[in-house]
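Now for the letters of each chain:
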Amino acid sequence: MAPFSPKDSDFCSIVVFGASGDLAYKKTFPALFGLFKNEFLPPQIQIIGYARSKMAHDDFIQRVTQKIKAESDEDKAAFKKFVGLLSYVQGKYDEADSYKNLAKAIAKNEKTGQISRIFYMAIPPSVFTDAANNIKAHCYLKDAKAENRLVVEKPFGKDSESSRALAQDLAKNWSEEEIYRIDHYLGKEMVKNLMVLRFANVLFGAVWHRHYIHNVQISFKEKFGTEGRGGYFDEFGILRDVMQNHMMQILCHFAMERPSSLSASDIHDEKVKVLRAISPLRQDDVLLGQYTAGTVDGQSQPGYLDDDGVPNDSQTPTFAAAAFHIHNERWEGVPFILRAGKALNETKTEIRVQFADVAGNIFPCANGKKAPARNELVIRVQPKEAVYMKFMNKKPGLSQEAVETELDLNYDSRYADVKIPDAYEALLLDVMRGDHANFVRNDELKAAWAIFTPLLHQIDRGEIKPAKYAFGSRGPDGLDAFVERHGFLRSTSYQWTPPKI
């Protein structure tokens with residue numbers, strides 16, 4: 001990937017709304033620094049933080065750079081230059097005068113030539129519309145040669161109706177080409193790698209079909225709970241927070257047909273076809289859970305209801321397993337089992353493809369099993385990116401016993417000299433390049449909400465109660481029975497071990 005190289009006369013202004021918030025200092029500004037030190041930002045650029053908080057310049061710098069690591073002399077020199085690009089403007093999100101003041105601050109350092117302005121909204125959805133409308137009214141460049149781009153962070157609504165309303169509000173002043181809806185999982189290396197694995201390999205292309213794949217499981221697991229963010233999380237729950245967006249994006253990349261090209265429109269068209277082929281979730285398709293207090297490594301951990309801001313009678317799920325069915329020629333009859341949860345036994349995100357059973361087995365198998373274990377392709381999204389294939393192999397020695405082993409592509413060992421960029425780095429660079437391929441299009445969002453909205457409304461009305469599970473466990477007691485009912489066979493005789501580096 002070549003560095004960004006605009007004309008010397010071009011100028012880019014990036015305005016980060018919500019600059020005092022957690023997302024800005026944890027993700028946005030470290031990503032911008034990563035791009036800057038590797039020379040992926042344009043040579044003429046300014047970065048302006050905007051928020052309601054009153055902060056002196058030095059306080060702003062300290063706030064937004066606290067997660068930036070600059071240990072080498074080279075990084076320290078880059079950090080010093082990067083800080084020189086930063087400034088801060090305090091203002092309200094619903095006040096015209098604040099945006100007029102911001103517009104003056106933006107224009108102050110801009111020079112002649114083609115100018116682009118990127119407005120990154122790392123703010124609560126309750127102020128999306130006010131901010132977008134005021135940006136358009138007071139900070140939008142109307143020159144025909146200028147570029148204006150609006151970056152919107154999730155959540156994109158809470159159901160079909162609220163998402164549609166938000167889309168309509170944004171569309172009043174912004175074209176679809178100017179809007180970039182970020183789902184940071186689309187910037188993750190292994191999610192982007194899915195298309196290459198599928199469409200650049202004859203092997204995988206041939207077996208990516210209901211005739212060979214028995215089921216697909218996509219897992220998102222976190223070892224930690226809500227940790228003081230319970231008030232925010234309780235408004236959304238695990239289905240809205242993780243499954244409707246991050247996990248459905250992974251499912252779409254896994255299941256879609258080959259696009260005609262790598263253009264954004266062709267990729268989005270194929271993803272929308274997948275979503276429209278999925279039936280809305282029903283109560284029988286899901287298992288919900290909510291974590292209680294538990295003990296991890298000898299330390300007591302609080303339950304979800306113990307978190308400040310969570311109502312004592314909350315029925316919000318912190319865990320969900322759901323079975324999806326894609327009704328098309330390629331995937332009819334193949335269950336896609338998605339599961340996501342907080343306060344579980346480990347942190348990881350992975351795709352596990354379980355292939356069909358071998359017919360007419362003639363080999364003795366380990367542990368007295370009558371049939372070989374199913375082949376599995378596992379794509380580890382995070383942490384420790386990897387692709388490995390579980391398959392049967394003759395046990396070394398004089399026997400003919402078939403045992404499970406793996407072919408392993410571990411990124412830490414195979415690509416030890418390559419730095420995998422943070423997802424936000426990749427997506428911010430895409431915004432500057434005007435590439436929509438790794439962002440969420442409006443009709444894609446609409447189709448995804450249609451799958452979840454009926455079930456979400458049932459949960460909101462209290463019609464579905466989550467089962468309890470202890471902090472640090474694998475999830476509710478019924479989890480194994482649920483995934484087995486939908487076709488997944490869990491192997492207990494084999495455990496993948498990453499190779500030593």
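These figures come from a predicted structure and were not determined experimentally.

Once that is clear, we can look at the overall build of the protein chain. For the protein chain, the count of helices and strands is 15 helices and 17 strands. The C-alpha atoms of the protein chain give a radius of gyration of 24 Å, which matches the 23 Å a tight globule of 501 residues would have. Along the longest, intermediate and shortest principal axes, the C-alpha atoms of the protein chain span 75 × 50 × 50 Å. Considering only contacts within the protein chain whose residues lie at least 6 apart along the sequence, 79% involve residues at least 24 apart. With an accessible surface of roughly 23,300 Å², the protein chain has 49% of that area assigned to carbon and sulfur atoms. Seen as two clouds, the 65 positive and the 66 negative side-chain charges of the protein chain have centres 1 Å apart.

Packing of helix 4 (residues 96-109) against helix 5 (residues 128-138) brings their axes to within 9 Å, and their N-to-C directions diverge by 50°. Here helix 4 is positioned oblique relative to helix 5, judged by the angle of their axes. The handedness of the crossing between helix 4 and helix 5 is right-handed. Side by side, helix 4 and helix 5 meet where Ala96, Tyr99, Lys100 and Ala103 of the first sit next to Asp130, Ala131, Asn134, Ile135 and His138 of the second. Broken down by class, the residue content of the contact of helix 4 with helix 5 amounts to five nonpolar, two polar and two charged.

With that settled, the discussion passes to the sheet that holds strand 2 (residues 45-51). In spatial order, the strands read 3-2-1-4-5-6; together these six strands make up an open sheet with parallel pairing. Of all strands in the sheet, those with a lone pairing partner are strand 3 (86-90) and strand 6 (179-182), marking the two edges. Averaged over all neighbouring strand pairs, the angle between strand axes comes to 20°, with direction disregarded. Sheet topology note: the strand 1 (residues 11-17)/strand 4 (residues 115-121) ladder contains seven bridges and is parallel. Counted as the bridge partner of serine 13 is arginine 117 from strand 4.

Turning to the pattern of salt bridges, a few remarks are in order. Pairing is possible between side chains that carry opposite charge, provided their charged atoms lie close to one another. Tallied over the entire structure, the rule returns 26 salt bridges. In this structure, aspartate 460 and arginine 240 form a salt bridge, with 2.8 Å as the shortest nitrogen-oxygen distance. A residue pair is termed long-range when its members are at least 10 positions apart, and aspartate 460 in helix 14 (residues 442-460) and arginine 240 in helix 10 (residues 237-255) qualify at 220 residues. Salt bridges here are not isolated pairs; linked through shared partners, they connect Lys221, Glu346, Lys348, Glu350, Arg352, Glu376, Arg380 and Lys390.

Take the packing of aromatic side chains next. When we look at a pair of aromatic rings, we describe it by the centre distance and by the angle of the planes. If you walk through the whole model with that rule in mind, you get 26 aromatic pairs. With centroids separated by 6.4 Å and ring planes inclined at 50°, the aromatic side chains of phenylalanine 17 and phenylalanine 119 adopt a geometry described as tilted. You can see phenylalanine 17 sitting in strand 1 and its partner phenylalanine 119 sitting in strand 4, a full 102 residues away along the chain. The exposure class of phenylalanine 17 is buried, given its relative accessible area of 0%. Judged by relative accessible area, phenylalanine 119 falls into the buried class, the value being 0%. On the numbers, 5.7 Å between centres and 50° between planes, the contact of phenylalanine 324 with phenylalanine 452 is tilted. Taken as a pair, phenylalanine 324 in strand 11 (residues 319-325) and phenylalanine 452 in helix 14 lie far apart in primary sequence, 128 residues in all. For the residue pair phenylalanine 324 and phenylalanine 452, the accessibility class agrees, reading buried in each case.

The grouping of Lys26, Lys67, Lys69 and Arg229 at the surface amounts to a positive patch. For arginine 229, a relative accessible area of 42% puts it in the partly exposed group.

What follows is about the domain arrangement of the protein chain. Considered domain by domain, the protein chain is made up of domain 1 (11-153) and domain 2 (186-486). Taken over C-alpha atoms, the centre of domain 1 sits 33 Å from the centre of domain 2. Listed by partner, the interface residues are 16 residues for domain 1 and nine residues for domain 2. Of the roughly 1,200 Å² buried between domain 1 and domain 2, counting both surfaces, carbon and sulfur atoms make up 75%. Counting the contacts that link domain 1 with domain 2 gives three residue pairs in polar contact (both at pLDDT 80 or more). In terms of residue count, helix 1 (residues 22-37) provides more of the side of domain 1 that touches domain 2 than any other element does, seven residues in total. Here the side of domain 1 that touches domain 2 is built from residues that sort into 11 nonpolar, two polar and three charged.

With that out of the way, let us pick up helix 7 (residues 189-199). Of all 11 residues in helix 7, eight are buried; the element is thus mostly enclosed. Regarding helix 7, the residues found buried are Met190, Val191, Asn193, Leu194, Met195, Leu197, Arg198 and Phe199.

Taken in spatial order, the nine strands make up an open sheet running 16-15-14-13-7-12-11-8-17, and their pairing is mixed. Two strands lie at the open edges of the sheet, namely strand 16 (402-410) and strand 17 (467-470), each paired on one side alone. Geometrically, the sheet is characterised by an average inter-axis angle of 20° between neighbouring strands, direction not taken into account. Sheet topology note: the strand 8 (residues 286-292)/strand 17 ladder contains four bridges and is parallel. Paired with threonine 292 across the two strands is alanine 470, which belongs to strand 17. In this fold helix 7 packs onto strand 13 (348-355), strand 14 (376-382) and strand 15 (386-394), with an angle of close to 145° to the strand it touches most, strand 14. Relative to strand 12 (residues 335-341), helix 10 is tilted by about 145°, and along the sheet it contacts strand 7 (213-221), strand 8, strand 11, strand 12 and strand 13.

What counts as what
Residues numbered from 1 in each chain as written. Predicted model: local features only at pLDDT ≥ 70, side-chain atom pairs only at ≥ 80, totals over all residues. Heavy atoms only, no water. Helix = DSSP H or I, 4+ residues; strand = E, 2+ residues; numbered from the N terminus. Rg over C-alpha atoms; globule rule 2.2 N^0.38 Å. Contact = heavy atoms within 4.5 Å. Areas by Shrake-Rupley, 256 points an atom, 1.4 Å probe, with all protein chains shown as cover. Lys, Arg positive; Asp, Glu negative; His and termini not counted. Charge placed at Lys NZ, Arg CZ, Asp CG, Glu CD. Axes fitted to C-alpha atoms, helices over the stretch in contact; angles between N-to-C directions. Parallel < 35°, antiparallel > 145°, perpendicular 65-115°, else oblique. Left-handed = near helix turned anticlockwise from the far one by under 90°. Nonpolar A, V, L, I, M, F, W, Y, C, P; charged D, E, K, R; others polar. Pairing = 2+ DSSP bridges. Salt bridge = Lys/Arg side-chain N within 4 Å of Asp/Glu carboxyl O. Phe/Tyr/Trp six-rings, centres within 6.5 Å; stacked < 30°, edge-to-face > 60°. Buried < 20%, exposed > 50% of the residue type's maximum accessible area, 1.4 Å probe, protein only. Patch = residues over 30% accessible without salt bridge, like charges linked within 9 Å, V, L, I, M, F, W, Y side chains within 5 Å. Domains from an automatic or database assignment. Buried area = accessible area lost by both parts, 1.4 Å probe. Polar contact = N/O pair within 3.5 Å; in protein donor to acceptor, adjacent residues only side chain to side chain.

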